[in-house]
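# Secondary and tertiary structure notes
If you want the building blocks of each chain, they are given just below.
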Amino acid sequence: MKFIGIWPEERSFDRISSYKVLIGIAFIFFCALPQSIMIYVHRDDFDMVMETLSVDNMNGTISIIKMICFWSSGAQMKDLLSAMEEDWKEVTRKEDEKKMMKQAKFSRILASSASFICYALMGVYAVKRFLTMRTEGRLLFLSAYFPYETMTSPKFEFTILGQMIGLVYYTTAYTTVDTFVAMLILHVCGQLSRLQNELIDLNSSTRKDFQVKLSYIVKRHEHLNRFVDTIEDRFNVMLLFQILGCTFQLCIECFQGLLSTELARAAYECEWYELLPNEARSLILIIRRSRSPLRLTAGKFCIFNHELYSSVLKTSMGYLSVLRATIMKDE
């Protein structure tokens, strides 16, 4: 993220690092804009239009939106990282520490795997493209329309270099922003699991400590609600385009919603029948609040849940079936 200039920090006009993101956006525009022109010029060639959209144009556009959203939210993201650090400092039980470490390790594996796969695919595409040039002559790294002759040296070499740099930028932006948001959501999942344990063990404390522990649980729950609201406020537009990009993050966000509703079950399992009547009634507020799960939306239009995940998969498979049927018919 520091490489592309979107690492969470406060932005200011007198800080050079605040403008580093413009370099990446410029290179992505260098790739995406000529491709958009190419799509318009050859709009009657369906195969070329689909190839151009799938290879770079759509992904580049989404990457720019992600970079702008993340860059403009630097201060808020820095606050979330500080809150995560404080959450780690509050852990006292080994069981809670293991759960949080499990989520943290999964976040690291997710980030590493996503980056490796994307860069590997980019490398494979580069090798394939250069091997094709040996038989078909000079070809641009990405099909695009430029307002100058691209096949003459050194314009050809500079154009190829610019497209490759732009591809690196948008691949980095596409994966790092996704994995960062997924990391935040997984952290919330770990904290919700920790709250479940606190609720289940609530009755094991003395009467004097009951109100103290219950107050702590309520405050932690509200803290997590504000944590998720910050993600929602800063990224709901970006998440609208995330539906077009991939469905894996949908699974994580659905899991987060399930865990938030599990707090009600945890409150029921805390042996409430052994509490005093006024203490047992206090749990009703937690159960009632947990019936409204934590959730993220895509541009305020739809909620990230299992229904949306299933709808995305069904729609994708439907389009795939139509394209497959069309190809078989042409053959």
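About the criteria used
Residues numbered from 1 in each chain as written. Predicted model: local features only at pLDDT ≥ 70, side-chain atom pairs only at ≥ 80, totals over all residues. Heavy atoms only, no water. UniProt positions renumbered as here; feature names shortened; annotations may be inferred. Patch = residues over 30% accessible without salt bridge, like charges linked within 9 Å, V, L, I, M, F, W, Y side chains within 5 Å. Areas by Shrake-Rupley, 256 points an atom, 1.4 Å probe, with all protein chains shown as cover. Salt bridge = Lys/Arg side-chain N within 4 Å of Asp/Glu carboxyl O. Lys, Arg positive; Asp, Glu negative; His and termini not counted. Charge placed at Lys NZ, Arg CZ, Asp CG, Glu CD. Helix = DSSP H or I, 4+ residues; strand = E, 2+ residues; numbered from the N terminus. Axes fitted to C-alpha atoms, helices over the stretch in contact; angles between N-to-C directions. Left-handed = near helix turned anticlockwise from the far one by under 90°. Contact = heavy atoms within 4.5 Å. 1 Å grid on protein atoms, 1.4 Å probe; cavity = no way out; pocket = protein on both sides within 12 Å on 5 of 7 lines; lining within 4 Å. Points joined across faces, edges and corners; volume = space filled by probe spheres on them. Nonpolar A, V, L, I, M, F, W, Y, C, P; charged D, E, K, R; others polar.

- An unreviewed UniProt entry annotates the protein chain as Odorant receptor 13a-like of Vespula maculifrons.
- Quoted verbatim from the Subcellular location (unreviewed entry) field of the UniProt record, the comment on the protein chain reads "Cell membrane".

### Let's talk about a negative patch on the surface
- Residues Asp44, Asp45, Asp47 and Glu51 make up a contiguous surface patch of negative charge.
- Relative to the helices and strands, Asp47 is located in helix α2 (residues 46-72).

### Comments concerning the packing of helix α3 (residues 74-90) against helix α5 (residues 155-200)
- Close contact between α3 and α5 brings their axes to 12 Å; oriented N to C, the two are set at 35°. As α3 runs across α5, the sense of the crossing is left-handed. The residues of α5 that touch α3, namely those facing Met77, Leu80, Leu81, Met84, Asp87, Trp88 and Glu90, are Phe180, Met183, Leu184, His187, Gln191 and Arg194.

### Overview of the UniProt feature "transmembrane region" (unreviewed entry) in the protein chain
- In the UniProt entry, the feature "transmembrane region" (unreviewed entry) is given for residues 21-41 and 109-127.
- Within residues 21-41, the helical portion is 100% and the strand portion 0%, while the C-alpha atoms at the span's ends are 30 Å from each other.

### As for the layout of surface pockets
- Of the voids in this model, the second largest pocket is the one considered here, and its volume is about 480 Å³.
- Together, 21 residues line the second largest pocket, and Met84, Ala104, Ser107, Arg108 and Met183 are the ones closest to its centre.
- Among the elements of the structure, α3, α4 (94-136) and α5 are those that each provide at least two residues to the lining of the second largest pocket.
- With eight residues, α4 is the single largest residue contributor to the lining of the second largest pocket.
- Looking at the lining of the second largest pocket residue by residue, the class counts come to twelve nonpolar, six polar and three charged.

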